[in-house]
Amino acid sequence: MINILIFSPHPDDAEISIGGFILLHANEYKIKIINLSAGEHSSNGDKIERLKESKFVENRYKNISTKCLFFEDANIQHTVIDQQKRIIRIIREYTTGVILTSHYTDEYPDHLESYLLVKNAIYKAGLNIYPELGEQHTCKHLFFYSQNLYNGKGSMFIDISSVIEEKLNILSKYRSQLIQDNSRVKTYSNTRIFQKVLAKDKYCGSLINTDYAEEIISYKKITIKNIFDIVF
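Residues numbered from 1 in each chain as written. Predicted model: local features only at pLDDT ≥ 70, side-chain atom pairs only at ≥ 80, totals over all residues. Heavy atoms only, no water.

**Observations regarding helix α8 (residues 188–207)**
Inference 1: In a regular helix each residue adds 1.5 Å, so 20 residues correspond to 28 Å; α8 covers 26 Å between its end C-alpha atoms and thus fits that length.
Inference 2: Its axis deflected by about 30 degrees at F194, α8 carries its strongest bend there.
Inference 3: Among all positions of α8, only N190, I193, V197, K200, D201, C204 and G205 are buried.
Inference 4: Each element contacted by the buried residues of α8 is listed here: α1 (13–25), β6 (155–159), α6 (164–172), α7 (175–178) and β7 (213–218).
Inference 5: Of the residues that open α8, the one with a side-chain oxygen 3.4 Å from the backbone nitrogen of S189 is T187.
Inference 6: Within two residues after α8, N209 carries a phi angle of roughly 60 degrees, on the positive side. (Helix = DSSP H or I, 4+ residues; strand = E, 2+ residues; numbered from the N terminus. Expected span 1.5 Å × (residues − 1). Bend = angle between axes of the 7 residues up to and from the residue. Buried < 20%, exposed > 50% of the residue type's maximum accessible area, 1.4 Å probe, protein only. Contact = heavy atoms within 4.5 Å. Polar contact = N/O pair within 3.5 Å; in protein donor to acceptor, adjacent residues only side chain to side chain.)

See the structure below:
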């Protein structure tokens, strides 16, 4: 059984934004990371290298598994029916109650398309259509993550101070994208991403009076049963 299903436009996107969230929840929940593309058109690294890098978390943590759908990099499109059906099939197969995907505040076009694609697929997965893709299933909870700070309606923050070093260790395994050396084309990702991650996570931590935190954005209003369960 998969408890948490995470859709990532490319290998490393989910880990950059919510690597701490993944580590904290992997202690007791089964997590599946679905990479929509292999990121084969990036400035550095090819499909084989990027897929190998994405397997690090799967090999290191028993409750985390990964899968790639091999949509063409830089061509994720929420209006493409075949891409919608692939997502619908996965949602119906795993029947998970918690799904996370990228947020529209991310600047890269594939991230925006992933936001629209997964949101549309979740809706259609609960309808009586495409019976060949499995029994209809309605996901109860949809959340988003972003490399940029949103801090708006639906924002929640999770303390990741205890796993920040391990999060950075995971990111360091994505060498083709995030580590600069003389054999690589210099990019924003391999010269600035660690600085950005630490700055964002530290700022999010300051919002909840802790060292480091990550932002999770809820699609719906949050309902509580007990006022004392809220952490301030």
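**Quick look at the layout of surface pockets**
Inference 1: Its volume calculated, the largest pocket comes out at about 1300 Å³.
Inference 2: Contributing to the lining of the largest pocket are 35 residues, with H141, F143, M156, S218 and I222 lying nearest its centre.
Inference 3: Elements supplying a minimum of two residues to the lining of the largest pocket: α1, α5 (109–125), β5 (141–145), β6 and β7.
Inference 4: No other element matches β6, which puts four residues into the lining of the largest pocket.
Inference 5: For the lining of the largest pocket, the residue count by class is 20 nonpolar, eight polar and seven charged.
Inference 6: In this model, the second largest pocket occupies a volume close to 530 Å³.
Inference 7: As for the second largest pocket, its lining consists of 25 residues, and the residues nearest its centre are D13, Y108, H111, Q147 and S189.
Inference 8: The set of elements that each furnish at least two residues to the lining of the second largest pocket consists of α1, α7 and α8.
Inference 9: In terms of residue count, α8 provides more of the lining of the second largest pocket than any other element does, four residues in total.
Inference 10: Here the lining of the second largest pocket is built from residues that sort into six nonpolar, 12 polar and seven charged. (1 Å grid on protein atoms, 1.4 Å probe; cavity = no way out; pocket = protein on both sides within 12 Å on 5 of 7 lines; lining within 4 Å. Points joined across faces, edges and corners; volume = space filled by probe spheres on them. Nonpolar A, V, L, I, M, F, W, Y, C, P; charged D, E, K, R; others polar.)

**Examining the pattern of salt bridges**
Inference 1: The tally for this structure, following the rule as stated, stands at seven salt bridges.
Inference 2: Salt-bridge contacts for K55 lead to E58; the nearest nitrogen and oxygen are separated by 3.3 Å.
Inference 3: Accessibility expressed as a relative area gives 31% for K55, which makes it partly exposed.
Inference 4: By relative accessible area, E58 is classed as partly exposed at 24%. (Salt bridge = Lys/Arg side-chain N within 4 Å of Asp/Glu carboxyl O.)

**Examining the environment of L117**
Inference 1: Looking at the element boundaries, L117 is found in helix α5.
Inference 2: Considered as a pair, L117 and R175 are 58 residues apart in the sequence and their alpha carbons are 28 Å apart.
Inference 3: With residues near it in sequence (within four places) discarded, L117 still touches L36, F71, I76, Q77, H78, Q83, Q84 and I87.

From the geometry alone we can't say anything about function, so treat these as descriptive.
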